[in-house]
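An overview of the molecular structure
One letter stands for each residue in the lines below.
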Amino acid sequence: MVDMEVASWSSLSQLLFLVYLAHLVPTSLPSATPLVRFSDVWNKQHNVLQPGVTQADANVQQRGVNELRQMFPTFPESTITQLLNAHSGQVDQTALTIAALSEIFHSEEDIVEDSVVLPSEILFDERLSDLHKLVLRSNPWLTNFPLLMPGPDIHHVAANLALEYKGKYCWSTCFDADFLAALMYEGYLPMAEMTKEGPAKFVLLPKMHHQRCILKFEDLHVRKKLRKRSSRFEITCDRAFDEVVQGCLRQHGENWLYPPFISVLKEILERGGINGVRIHSFELWENGTMVAGEMGYSVGGCYTSLSGFYTVKSAGSVQCIGTAKLLQQAGAAFWDLGMTLKYKLDLGAHCVPRQAFLGEIWKTRDKQPIELPRERVNVKQLLDSLS
């Protein structure tokens, strides 16, 4: 009966539904603070430089943009300025990132993009299944976001969407391990959300941040007091994934760590990884008791955090510095910390715009997967050995 109702929607019904949605659904989720590009150093309204920017600075910045435009004439100028800003005006480093990004523009151009339905098409696209339609009717907020579906072109579609889409979230009803690994490989941070009602209790919400917080290990900052306290703790890797998950759920609640999402992470873990994507856990111990931990995944040389917990004072901070040192020791290129929070910046992390993050992960994702030690290590001894 429900299927007959979905199939018999008239054009008038669809139009009325759109009008209804216009009053219900916000235009977008809150966005990150927009990046000030080098091309914005001139205040166009008054034709003067912005405060703190000298004419000499503006000339140097513009020369860098012009040099990169000559090197990459088909690359969008707005993206060039963002990347140059992210690399503090270093043309050589920016050029390496753009070269990595450029690969995606010149590959698989003949693929028909069957794995994405854009918000403007979502109510009428013939590729939508009855399940998708019912989910949208029960959860109209999802019409704001692109629908991603598994398919042979998912890597191409996800990569191009990441570059062109101005929002942060996509959605899907698919919790398949290969599909999730493909999105992780392309730089998306996956989350799950409970629906209000309808046939699908949960949906996947792949997120592509406007800005991503990353830590390069040479920038790691360890406070003296924390270094001293770290002698009480030992750290391990990939020894107690289920216990770490339970610790995260106790501290944060289900939040976005819903059962189907945890199940697909465990499947990737049990399969030993999928196409270079591996699931990891880090465990911090004091006198034989786990007092902190975190879960995440690696894609080649990049490690991404998902969630963590702690039960005693300073344990969370010690787990972070211990994790950073183990990743550095294993040869990881950088640590993807997701959204920006103060404690991450205190560690030495910094924020980069989406395009710069994509350039970083595309440069490192096909490198040899990181191999983490399984034995317990005293955190203070680990810090001393790598300082």
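Residues numbered from 1 in each chain as written. Predicted model: local features only at pLDDT ≥ 70, side-chain atom pairs only at ≥ 80, totals over all residues. Heavy atoms only, no water.

Some remarks on the sheet that holds strand 7 (residues 211-215)
Strands sit in the order 13-7-12-11-10-9-8-14 across an open sheet of 8 strands; the sheet is mixed. Each end of this open sheet is capped by a strand with a single partner; those strands are strand 13 (350-353) and strand 14 (377-378). Relative to strand 14, strand 8 (residues 234-237) is paired through 2 bridges, and the arrangement is antiparallel. Looking at the pairing, Glu234 lines up with Asn378 of strand 14. (Pairing = 2+ DSSP bridges. Helix = DSSP H or I, 4+ residues; strand = E, 2+ residues; numbered from the N terminus.)

Topic: the pairing of strand 8
Both faces of the sheet carry side chains from a regular strand, because those side chains alternate between them. When strand 8 meets strand 9 (residues 277-286), the two strands line up antiparallel, connected through 4 bridges. Along strand 9, the bridge assignment pairs Ile235 with Leu284.

Examining the packing of aromatic side chains
Within the structure shown, the criterion is met by 7 aromatic pairs. Plain terms: the ring middles of Phe145 and Tyr169 are 6.1 Å apart, the flat faces sit at 55° to each other, and that makes the pair tilted. Placement of Phe145 in the loop between helix 6 (130-138) and strand 4 (147-148) and of Tyr169 in the loop between helix 7 (154-164) and helix 8 (177-185) is noted, with a sequence separation of 24 residues between them. Residue Tyr169 is classed as buried on the basis of its relative accessible area of 14%. Ring plane angle 75° and centroid distance 5.3 Å describe the contact between Phe282 and Tyr303, whose orientation is recorded as edge-to-face. (Phe/Tyr/Trp six-rings, centres within 6.5 Å; stacked < 30°, edge-to-face > 60°. Buried < 20%, exposed > 50% of the residue type's maximum accessible area, 1.4 Å probe, protein only.)

Looking at a nonpolar patch on the surface
The grouping of Met339, Leu341 and Tyr343 at the surface amounts to a nonpolar patch, some 290 Å² of accessible area in total. Structurally, Tyr343 can be placed in helix 13 (residues 342-347). (Patch = residues over 30% accessible without salt bridge, like charges linked within 9 Å, V, L, I, M, F, W, Y side chains within 5 Å. Areas by Shrake-Rupley, 256 points an atom, 1.4 Å probe, with all protein chains shown as cover. Salt bridge = Lys/Arg side-chain N within 4 Å of Asp/Glu carboxyl O.)

A few points about the pattern of salt bridges
Applying the stated criterion across every chain yields a total of 12 salt bridges. A salt bridge links Asp178 to Arg271, with the nearest nitrogen and oxygen atoms 3.3 Å apart. Of this pair, Asp178 sits in helix 8 while Arg271 is found in the loop between helix 11 (259-270) and strand 9, placing the two residues 93 residues apart along the sequence. The partner of Arg212 in a salt bridge is Asp336, with the nearest N and O atoms 2.9 Å apart. With Arg212 in strand 7 and Asp336 in strand 12 (residues 334-336), this residue pair connects regions lying 124 residues apart in the sequence. Each member of the pair, Arg212 as well as Asp336, carries the same accessibility label: buried. Each of the salt bridges in this network shares a partner with another, and the network as a whole consists of Asp178, Glu267 and Arg271.

So, the layout of surface pockets
Of the pockets and cavities examined, the largest pocket occupies roughly 860 Å³. Considering the residues around the largest pocket, the lining is formed by 35 residues, among which Ser307, Gly308, Leu341, Tyr343 and Lys344 are closest to the centre. Here the lining of the largest pocket gets 6 residues from one element, more than from any other, and that element is strand 11 (residues 302-310). The residue makeup of the lining of the largest pocket, split by class, is 16 nonpolar, 14 polar and 5 charged. (1 Å grid on protein atoms, 1.4 Å probe; cavity = no way out; pocket = protein on both sides within 12 Å on 5 of 7 lines; lining within 4 Å. Points joined across faces, edges and corners; volume = space filled by probe spheres on them. Nonpolar A, V, L, I, M, F, W, Y, C, P; charged D, E, K, R; others polar.)

Some details on the nonpolar core
Judged by nonpolar contacts, the single largest core of 72 residues is most densely connected at Trp171, Phe261, Leu265 and Met295. With 8 residues, helix 8 is the single largest residue contributor to this core. Counting residues in hydrophobic clusters, the runner-up holds 32 residues, among them Cys237, Cys320, Ala349 and Leu383. (Core = buried A, V, L, I, M, F, W, Y, C linked by side-chain atoms within 4.5 Å.)

Some remarks on helix 8
Extensive coverage of helix 8 is indicated by the burial of 8 of its 9 residues. N-cap assignment for helix 8: the residue whose side-chain oxygen lies 3.0 Å from the backbone N of Asp178 is Asp176. Positive backbone phi, at 100°, marks Gly187, one or two positions downstream of helix 8. (Polar contact = N/O pair within 3.5 Å; in protein donor to acceptor, adjacent residues only side chain to side chain.)

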